[in-house]
Amino acid sequence: MQYSNNIFGFIRMVLLLLFQTQTFLNKEMVNMGENEWVNGYLEAILDVGSARNGKRDAEGRGRSQKKSFSNSVRSKLDEEMLKFDKIEIERHKIFTPTRYFVEQVVIGFDEADLHRTWTKMIATRNSRHRNNRLENMCWRIWHLARRKKQMARDAAQKLVQRRFDREKARSDAAHDLSDLSEGERDKGESNQTGLITNMPRISSDAQLWPYDKSRQLYIVLISLHGLVRGENMELGRDSDTGGQVKYVVELARALANMEGIHRVDLLTRQITSPEVDSTYSEPIEMLSCSSDGFDSCGAYLVRIPCGPSDKYIPKESLWPYIGEFVDGALSHIVNMARALGEQVNSGKPAWPYVIHGHYADAGEVAARLSAVLNVPMVLTGHSLGRNKLEQLLKQGRLSREDIDSSYNIIRRIEAEELGLDSAEIVVTSTKQEIEEQWGLYDGFDLQLERKLRIRRRRGVSCLGRYMPRMVVIQPGMDFSSVAEELSLDSKGDLKSMIGADKKRPMPPIWSEIVRFFTNPHKPMILALSRPDPKKNITTLLKAFGECQPLRELANLTLILGNRDNIEEMSNSSSSVLTTVLKLVDKYDLYGQVAYPKHHKQPEVPEIYRLAAKTKGVFINPALVEPFGLTLIEAAAYGLPIVATKNGGPVDILKALNNGLLVDPHDENAISDALLKLVADKNLWKECRRNGLKNIHKFSWLEHCRNYLSQVEHCRNYHPTNHLSVMPIPEEPLSESLRGIEDLSLKFSIDVDVKANGEPDDETSNQQKIIDFILQQKATSVGKSVNIYCPGRRKRLCAIAVDSYNSNGGPAEELPLIIKNVIQVSESKCMGIGFVLLTGMSLQETKEMLGSEVKLEVFDALVCSSGSEMCYPWRDLVSDQDYESHIEYRWPGENVKAIVTRLASVENDDVQLSRCGSRCYSYSIKPKAKVHKIDDLRQRLCMRGLRCNMVYTHAASKLNVIPLFASRAQALRYLSVRWTVDMEKVILFMGERGDTDHEDLLGGLHKTVILRDSVVYESEINVHSEDSMSISRDNKRVTLAEGFEVQHISKALDFFHYPI
């Protein structure tokens, strides 16, 4: 009985101490996000405890509680208390219940589960039952706290291992790059001057962009998710339609206005869903147009169909459709390059000057397009997956698996790593983003990047290593809507607009705001953000409510998106808004705080103007702010600013010198900074003046100059050879009998035969005519003319069946599978071309085909997992353009020995077996333990080596090939080269295969999966535990019951073949 009283007294004392240490509690409550019900929970227990305590005092403390804890609970609590007592004794301190409660309870519980228990508890009238439920709740909190600790330990172990791998990789790279030979030193010194002259390093002060109208450049921007349109942007409608949408639209317009830029295309997803406005289904929207240019010049928003056309899909669910977007974007870019070439490039395709991906999804698209077109790529992350994963794991509410199922976070990180591999430049907003966010990725190491940059400038070999260059280019702003703020005493004075004798009409949004205020003439503190827990609006409201001098001097305006019904909003948004309303009521802030339900994007400038007219202040109290575009907007309208000290605002205030930085967890610091700016008019005027004077540093003109200078700089290192497109020939007389060779072959097979075995006279005459035409055609054009013309192909059939036996050799049935596919495809579509995609070398491919299938049947052979391409119709001559195309960033000899060491779990399990110019093939011992592909890529990326790796031959071989080489990319390369739309390509593959099997599934092409065609696979070595695979649920994929002729024919009928 006495023990029960002590426990309840302990809880009461802990809660009382927690409420007294308000600052500390607020900081922890931020981590709990939207769970405001916890306040009620703590207060209710405190009230019950106080009531019981008062009753106990009145009765002389002679009564005790009837409730007792079970023996198991008592022993557990005793163990925990003794443990913490020992810790505190060791530290020579007295045990503090506050610390115990915070560490074990507040930080570590599952809110949804406990909320159900709390709801039942408060509904219980019987005091004994209430106490039983309270006991149960405390026990569950303790249990969940232990579970959180276990999750934290597991995460810490992974982090330690990752740090060890990074340090080992950094040490290896540093060892290789540490010393220069005498020859390298001399070369570096002799070439240093020339390099600096031709390729000067870009600094923020040097503007090197050449103003040359004759350049007529074409730029492609990609922003895949969200609702994107040029006018009346629905910012804040959902988490996907925010600042990024506004940024990319304004960037497209600003770039199109630069001298030398002919056209800018912003590619996004086309949405025809009835849930959204019909403007999002328009294929093309003009953003801006130059009056003195061609019809095609200016900035355009191009919407590419991708995924289900009738659904608006959040970004977390777009990953299975990335391949479709890549193919659609590729088709648009090729067509536009041809059209622009006719206008401004003497008939040659005008390929993009740069392809710029925004966010992880668009970064993957840009990487694929860059690899196919051999065009430099730029990446802007906006927000990063590894950083978000780290923050979510620190909160302890969700396991890694739960986070991934909700956010597809691992797939996002994979896309970001691919973007790092392919990007020439990564554009960031702040130095903090480089050091604290991109520094978490395998593909970037700041120290190694600096070493490589120095070696490259000196003309010294980087030994095959590469790191993308991180550049800080702060986002720009469109000042066209910003009126000149000449004087606060102008004719637009606030009193003349909202006073009783107002002379000018007031903007509607002003009326919507000032109706909340008892005294609208007081300075306005303005906060504008989404209703997101990360924006920390509740802490701002508490700081305002608890500072009486600030309440007397100023009003507070909260612009928190648009809402109709709070209950219909997402959980996080509705929780924030509910908390805001409760805090307004708690502090009795009616008449002092405005929180309008609606505002339109064009009204945002008027909101800033209203705050400036009242001599107010703008505040951004976010826990972490990657950049803070609203701070620049507020400064442009003459508002001093108070901002979080975490993230981009540090750089912004350093440039503008127009405000104060605060700790977002410290309510007193927030209220003191606001009070200082509102009360000190001289300081307010100085900050306003500094902001208006320095705001030009954030103009779009300044941003575009820096941006284009950086791109120009990186292009000096990028190969200049571009993909050549085979022209579609006219139909002159000599070409009028195109396809006659196929006709000749058909006659030679299907001729009527006489009884004596000889052709009849009529057939013989037809054959003579055909032979004569072919002879005349060859002699009229030249000696080496080949009648076959792949540019005439309108359909392609690609065969990528990875069928091997248990020893890693080609399966016996593989030639039969290929033969059946060719037979059925030819019978259903005349003039189709065939491409073989395989992980085998060219020699192995020839031996496999043998006499079953003639090499001449194929238009192209893509061997060694996409690193070799040759054409049987040109005597197996390799495609030199393709080889130079994929050679970029290929480390060559520098990676040969490293792979042997990194791939093996045990010594000598992996040995180099074949060495080609662009493919190193390694043999793997049977049953050997090797690292997964993802782990191997990670280890190489950490060392600055960018390669593509494929386990093939039933996991008995590992092909290491250039980054831009793959079977999927080779197929896209051919589609562009031969002008064959990817929708006219059909791919045959097995249910399983090499580790690049999944890459072949995504896209606009049709795919037939041949059941039972592959027995032994390599895909077991694809993914590590932190990776995910691509879904095969695709309307463009069908399954054939087998690989016999009838099975293949039935599968093609599913697509209504010919396509």
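So, how was this worked out
- Residues numbered from 1 in each chain as written.
- Predicted model: local features only at pLDDT ≥ 70, side-chain atom pairs only at ≥ 80, totals over all residues.
- Heavy atoms only, no water.
- Helix = DSSP H or I, 4+ residues; strand = E, 2+ residues; numbered from the N terminus.
- Buried < 20%, exposed > 50% of the residue type's maximum accessible area, 1.4 Å probe, protein only.
- Contact = heavy atoms within 4.5 Å.
- Areas by Shrake-Rupley, 256 points an atom, 1.4 Å probe, with all protein chains shown as cover.
- Axes fitted to C-alpha atoms, helices over the stretch in contact; angles between N-to-C directions.
- Parallel < 35°, antiparallel > 145°, perpendicular 65-115°, else oblique.
- Left-handed = near helix turned anticlockwise from the far one by under 90°.
- Nonpolar A, V, L, I, M, F, W, Y, C, P; charged D, E, K, R; others polar.
- Pairing = 2+ DSSP bridges.
- Core = buried A, V, L, I, M, F, W, Y, C linked by side-chain atoms within 4.5 Å.
- Salt bridge = Lys/Arg side-chain N within 4 Å of Asp/Glu carboxyl O.
- Right-handed = clockwise from strand over helix to strand, strands pointing away.
- Phe/Tyr/Trp six-rings, centres within 6.5 Å; stacked < 30°, edge-to-face > 60°.
- Arc of directions from axis to C-beta.
- Disulfide = S-S within 2.5 Å.

Student: Residues and numbers for the overall build of the protein, please.
Tutor: Counting its regular elements, the protein contains 36 helices and 26 strands. Burial statistics for the protein: of 1059 residues in total, 54% are counted as buried. Look at the contacts in the protein between residues 6 or more apart in sequence, and 73% of them connect residues 24 or more apart. By element, 50% of the accessible surface of the protein is carried by carbon and sulfur atoms, the whole surface being about 47,200 Å².

Student: How would you sum up the packing of helix H30 (residues 814–828) against helix H36 (residues 1045–1054)? Please name residues and give values.
Tutor: Taken N-terminus to C-terminus, the directions of H30 and H36 make an angle of 45°; their axes are 9 Å apart at the nearest point. When the axis of H30 is compared with that of H36, the two are oblique. Crossing of H30 over H36 shows right-handed handedness. Two secondary-structure elements touch here, H30 through Asn820, Val821, Gln823, Val824, Ser825 and Lys828 and H36 through Val1045, Ile1048, Ser1049, Leu1052 and Asp1053. Of the residues assigned to the contact of H30 with H36, the class counts are five nonpolar, four polar and two charged.

Student: If you had to explain the sheet that holds strand E15 (residues 796–800) to someone new, which residues and values would you point to?
Tutor: Sheet architecture is open: eight strands sit in the order E19-E18-E17-E16-E15-E24-E25-E26, paired in mixed fashion. Each end of this open sheet is capped by a strand with a single partner; those strands are strand E19 (877–878) and strand E26 (1037–1040). Two strands pair when backbone bridges link them, and strand E17 (residues 860–863) and strand E18 (residues 868–871) are joined in this way by three bridges, in the antiparallel orientation. Residue Leu861 lies in a different strand from E18, and its bridge partner there is Cys870. Along the sheet face, helix H31 (residues 842–849) touches strand E16 (833–837), E17 and E18 and points at about 120° away from the line of E17. Contacting E15, E16, E17, E18 and strand E24 (985–990), helix H35 (residues 967–977) crosses the sheet at an angle of about 40° to E18.

Student: Describe unusual backbone geometry, with residues and values.
Tutor: Backbone geometry places Ser346, a non-glycine residue, at a positive phi of 55°. Its location among the elements puts Ser346 in the loop between helix H10 (322–344) and strand E5 (354–358). You can call Ser346 exposed: its relative accessible area is 75%. One non-glycine residue, Tyr359, adopts positive backbone phi at about 80°. With respect to the helices, strands and loops of the structure, Tyr359 is situated in helix H11 (residues 359–373).

Student: Can you tell me about helix H24 (residues 649–656), naming the residues and giving the values?
Tutor: The periodicity of an α-helix, 3.6 residues per turn, causes residues three or four places apart in sequence to face the same way. When you tally the buried positions in H24, you get six out of eight residues, the bulk of the element. The complete set of buried residues in H24 reads Pro649, Asp651, Ile652, Leu653, Ala655 and Leu656. On its buried side, H24 packs onto helix H15 (431–437), helix H23 (629–636), strand E13 (641–644), strand E14 (659–662) and helix H26 (681–694). Positive backbone phi, at 55°, marks Asn657, one or two positions downstream of H24.

Student: Quick rundown of the environment of Gln447? Include the residues and the values.
Tutor: Inspection of the secondary structure assignment puts Gln447 in helix H16 (residues 446–457). Along the sequence, Gln447 and Ala174 sit 273 residues apart, while their C-alpha atoms lie 9.4 Å from each other.

Student: Which residues make up the nonpolar core, and what values do they have?
Tutor: General note: in soluble globular proteins, nonpolar side chains tend to be found buried as a group. Counting residues in hydrophobic clusters, the biggest one holds 70 residues, and the most contacted among them are Ile513, Leu541, Leu558, Val593, Tyr608, Phe618 and Leu674. In terms of residues, this core owes the most to one element, helix H22 (residues 604–613), which gives six residues. If we skip the residues at most four places from it in the chain, Val593 touches Phe516, Phe517, Leu541, Phe544, Leu556, Leu558 and Val584. Core analysis: the second largest hydrophobic core is formed by 62 residues, Ile222, Val372, Leu420 and Tyr441 among them.

Student: Please give an account of the pattern of salt bridges that cites residues and values.
Tutor: Under the criterion given, the structure shown has 36 salt bridges. When the shortest N-O distance is used, the salt bridge between Arg515 and Glu512 registers 2.9 Å. In this structure Arg515 comes out as exposed when scored by relative accessible area, which is 54%. Given the relative accessible area of 26%, Glu512 is considered partly exposed. The partner of Glu883 in a salt bridge is Arg918, with the nearest N and O atoms 3.5 Å apart. Of this pair, Glu883 sits in helix H32 (residues 880–886) while Arg918 sits in the loop between strand E20 (910–915) and strand E21 (920–924), and the two are 35 residues apart along the sequence. Three or more residues joined by partner-sharing salt bridges are found here, namely Arg229, Glu234, Arg237 and Asp277.

Student: Before we move on, could you go through the pairing of strand E6 (residues 377–380) and cite the residues and values that matter?
Tutor: Alternating positions in E6 separate into two faces, Met377 and Leu379 on one and Val378 and Thr380 on the other, with burial throughout. Sheet topology places E5 next to E6; four bridges connect them, and they run parallel. Considered in E6, the bridge of Gly357 is made with Leu379. Taking the sense of rotation as the criterion, the β-α-β connection linking E5, H11 and E6 turns out right-handed.

Student: Go over the packing of helix H19 (residues 537–546) against helix H21 (residues 571–586) with me, naming the residues and quoting the values.
Tutor: Relative to each other, H19 and H21 sit at 5°, their axes nearing to 10 Å. Comparing the axis directions of H19 and H21 gives the class roughly parallel. Between H19 and H21, the contacting residues are Ile537, Thr538, Leu541 and Lys542 on the first element and Thr579, Val580, Leu583 and Val584 on the second. Looking at side-chain class alone, the contact of H19 with H21 contains five nonpolar, two polar and one charged residues.

Student: Before we move on, could you go through the packing of aromatic side chains and cite the residues and values that matter?
Tutor: For the coordinates displayed, the defined rule picks out eleven aromatic pairs. Both rings, one in Trp438 and one in Tyr441, keep their centres 5.2 Å apart while their planes meet at 50°; by these two values the pair is tilted. Taken individually, Trp438 and Tyr441 each receive the classification buried, so the pair is uniform in this respect. Centroid distance Phe1054 to Phe1055: 5.1 Å. Interplanar angle 75°. Geometry classified as edge-to-face. Since its relative accessible area comes to 46%, Phe1054 is described here as partly exposed.

Student: Can you tell me about the environment of Val580, naming the residues and giving the values?
Tutor: Mapped onto the fold, Val580 is located in helix H21. Setting aside residues up to four positions removed in sequence, Val580 forms contacts with Ile537, Leu541, Leu558 and Leu560.

Student: Can you explain helix H13 (residues 400–407)? Please cite residues and give values.
Tutor: Residues Arg400, Ile403 and Asp404 constitute the buried set of H13. All buried residues of H13 lie within an arc of 95° about the axis, which places them on one face of the element. Counted as exposed and oriented over 90 degrees from the buried face of H13: Glu401 and Ser405. Backbone geometry just downstream of H13 places Asn408 in the positive-phi region, at approximately 50°.

Student: Could you give an account of the pairing of E5, with specific residues and numbers?
Tutor: Among the five residues that make up E5, five are buried, leaving the element largely enclosed by the rest of the structure. Burial along E5 is two-sided: Val354, His356 and His358 facing one way and Ile355 and Gly357 facing the other are all buried. Taken together, the four bridges between strand E1 (residues 217–222) and E5 define a ladder with parallel strand orientation. Opposite Val220, over in E5, you have Ile355 as the bridge partner.

Student: How would you summarise the state of the cysteines if you had to cite specific residues and measurements?
Tutor: Summed over all chains, the structure comprises zero disulfides. Between Cys915, a free cysteine, and Cys919, which holds the nearest cysteine sulfur, the sulfur-to-sulfur gap is 8.9 Å. Cys915 gets classed as partly exposed once you look at its relative accessible area, which sits at 43%.

Student: Mind laying out the sheet that holds strand E23 (residues 957–962), listing which residues take part and the relevant values?
Tutor: Taken together, four strands build an open sheet; the order of strands is E20-E21-E23-E22 and the sheet is antiparallel. In this open sheet, the two strands that pair with only one neighbour each are E20 and strand E22 (947–952). Pairwise comparison of adjacent strand axes, ignoring direction, gives a mean angle of 25° for this sheet. The sheet strands contacting helix H34 (residues 933–942) are E22 and E23, and the helix crosses E22 at an angle near 155°.

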